[in-house]
Amino acid sequence: MKTRESGMPEEEMWAEFFNPETIFAKLGLTPDTGGLVEFGCGYGTFTIPAARIVVGTVYAIDIEADMIVATANKAQQAGLDNVQTLLCDFVKEGTGLDDGSIDYAMLFNILHAESPGGLLDEAYRILAPNARLAVIHWNYDASTPRGPSMGIRPRPEQCREWAETAGFYLLAPGLIDLPPYHYGMLFKRPMTMERL
Ligand SMILES: C[S@@+](CC[C@H](N)C(=O)[O-])C[C@H]1O[C@@H](n2cnc3c(N)ncnc32)[C@H](O)[C@@H]1O
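Computed from a predicted structure; not experimentally measured. (Residues numbered from 1 in each chain as written. Predicted model: local features only at pLDDT ≥ 70, side-chain atom pairs only at ≥ 80, totals over all residues. Heavy atoms only, no water.)

A.B. asks: Teacher, can you tell me more about the pattern of salt bridges here?
C.D. replies: Here the idea is simple: oppositely charged side chains can pair when their charged atoms come close. Taken as a whole and assessed by the stated rule, the structure comprises five salt bridges. For Glu11, the salt bridge identified is with Lys74, shortest N-O distance 2.7 Å. Here Lys74 lies in helix α4 (residues 65–77) and Glu11 lies in helix α1 (residues 11–15), a separation of 63 residues in the sequence. Overall, the relative accessible area of 26% leaves Glu11 in the partly exposed class. We note a salt bridge from Arg160 to Glu164, for which the minimum N-O separation is 2.8 Å. Residue Arg160 and its partner Glu164 are both found in helix α6 (residues 156–166); the two are separated by four residues, about one turn of the helix. Accessibility expressed as a relative area gives 38% for Arg160, which makes it partly exposed. (Salt bridge = Lys/Arg side-chain N within 4 Å of Asp/Glu carboxyl O. Helix = DSSP H or I, 4+ residues; strand = E, 2+ residues; numbered from the N terminus. Buried < 20%, exposed > 50% of the residue type's maximum accessible area, 1.4 Å probe, protein only.)

What follows is the structure, given as C-alpha cells:
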C-alpha cells in the first residue's frame, strides 16, 4: 500500500528543496559506510548522492515503477555500480533484505505514513547492531512550499518517540536543522540483536 500523501511533484521542484551533500554531512554519512537502504527512493534525490559517498551497496526501494526507473537511469548515467533498485511495497511485504544486513537506513520524507512504527520496525530488523538510522522530514510549519498536510505531518518529538519505541536511541546532537525546510535526526540501533 502506497503511504498516504507520498506522491511526488515535478522533479525540478523537488530538487530545489534540498542540498543532499550538506544533509549527508550533517547526518554523518561517511565513505566507510557499508550497505545502505532508502525506504521510498523517489527520483533518487538522496540515493544517488549517497551512492557517490559510500562504498557499499545502496538499495533504493520504491513502490512506483517510474521512480525505480528514474533512479536506476541516474545511477547508470553516473556510472554508479553500487545502486540496486528494488520495486516493492515495503508496507505490505517489508524490504526483503536480510536481518542485520544494513549499515545505514534512510527514512526521508516518509514517516507521515499510516503506520510509521511498521517502517521503523522493518528498519530495525534489517540494520546491523550499532548501525544507524537517519530520519528527515518537513518542518512542522504550514508555510513550507510542500510537505504532508499538517494533520498528519509528524513533529520531531513524535519521530523520536516512534524511533525509541522501535528500539533505537537518538545520537548527539539530537535535532538537526536542515534549512530551508527540513529537520533531521540520527539514531543508532543497539549492539544487541534483541530489542532492549
Ligand atoms: C515523499 S516521497 C520521498 C522520496 C525520497 N525519500 C526523497 O525524500 O526524495 C515518498 C516515496 O515513497 C514511495 N512509497 C510510498 N509508499 C511506499 C511503499 N508502501 N513501498 C515502497 N515505496 C513507497 C513513493 O512512491 C515515493 O516515491
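Past the structure itself, the notes keep going.
A.B. asks: Whenever I open this one, the packing of aromatic side chains confuses me. Can you help?
C.D. replies: Geometry of an aromatic ring pair is reported as the spacing of the ring centres plus the angle between the planes. All told, the structure shown has 14 aromatic pairs when counted by the stated rule. Between the aromatic rings of Phe18 and Phe46, the centroid separation amounts to 5.0 Å while the plane-to-plane angle is 75°, which identifies the pairing as edge-to-face. Separated by 28 residues along the polypeptide, Phe18 in the loop between α1 and α2 (20–26) and Phe46 in the loop between β1 (36–39) and α3 (47–53) bring together distant segments of the chain. Over the ring of Tyr124 we find Arg189, and its NZ or CZ is 4.1 Å from the ring centre. (Phe/Tyr/Trp six-rings, centres within 6.5 Å; stacked < 30°, edge-to-face > 60°. Lys NZ or Arg CZ within 6 Å of the ring centre and 35° of its normal.)

A.B. asks: Explanation requested: the layout of surface pockets in the structure shown.
C.D. replies: Any space left empty among the atoms is revealed by the rolling of a water-sized probe across them. The calculated volume of the largest pocket comes to roughly 480 Å³. For the lining of the largest pocket, the secondary-structure elements that each account for two or more residues are β1 and β5 (127–138). (1 Å grid on protein atoms, 1.4 Å probe; cavity = no way out; pocket = protein on both sides within 12 Å on 5 of 7 lines; lining within 4 Å. Points joined across faces, edges and corners; volume = space filled by probe spheres on them.)

A.B. asks: I'm lost on the site of the ligand in this one. Help?
C.D. replies: Around the ligand, a shell composed of 23 residues is seen, among which Trp14, Glu38, Gly40, Asp62 and Asn109 lie nearest. Here Trp14 contributes a side-chain N or O atom positioned 2.8 Å from an oxygen atom of the ligand. One of the backbone N or O atoms of Gly40 is found 2.7 Å from a nitrogen atom in the ligand. About the coverage of the ligand: the protein hides 99% of its 600 Å² of free accessible area. Judged by the proximity of its atoms to the pocket grid, the ligand belongs to the largest pocket. Split by residue class, the shell around the ligand holds twelve nonpolar, six polar and five charged. (Near = heavy atom within 4 Å. Polar contact = N/O pair within 3.5 Å; in protein donor to acceptor, adjacent residues only side chain to side chain. Areas by Shrake-Rupley, 256 points an atom, 1.4 Å probe, with all protein chains shown as cover. Sits in = over half its atoms within 2 Å of the grid points. Nonpolar A, V, L, I, M, F, W, Y, C, P; charged D, E, K, R; others polar.)

A.B. asks: Looking at this structure, how should I read the side chain of Thr45?
C.D. replies: You can see Thr45 is positioned in the loop between β1 and α3. Accessibility expressed as a relative area gives 17% for Thr45, which makes it buried. Not counting residues within four places of it along the chain, the set of residues in contact with Thr45 comprises Trp14, Phe18 and Pro20. (Contact = heavy atoms within 4.5 Å.)

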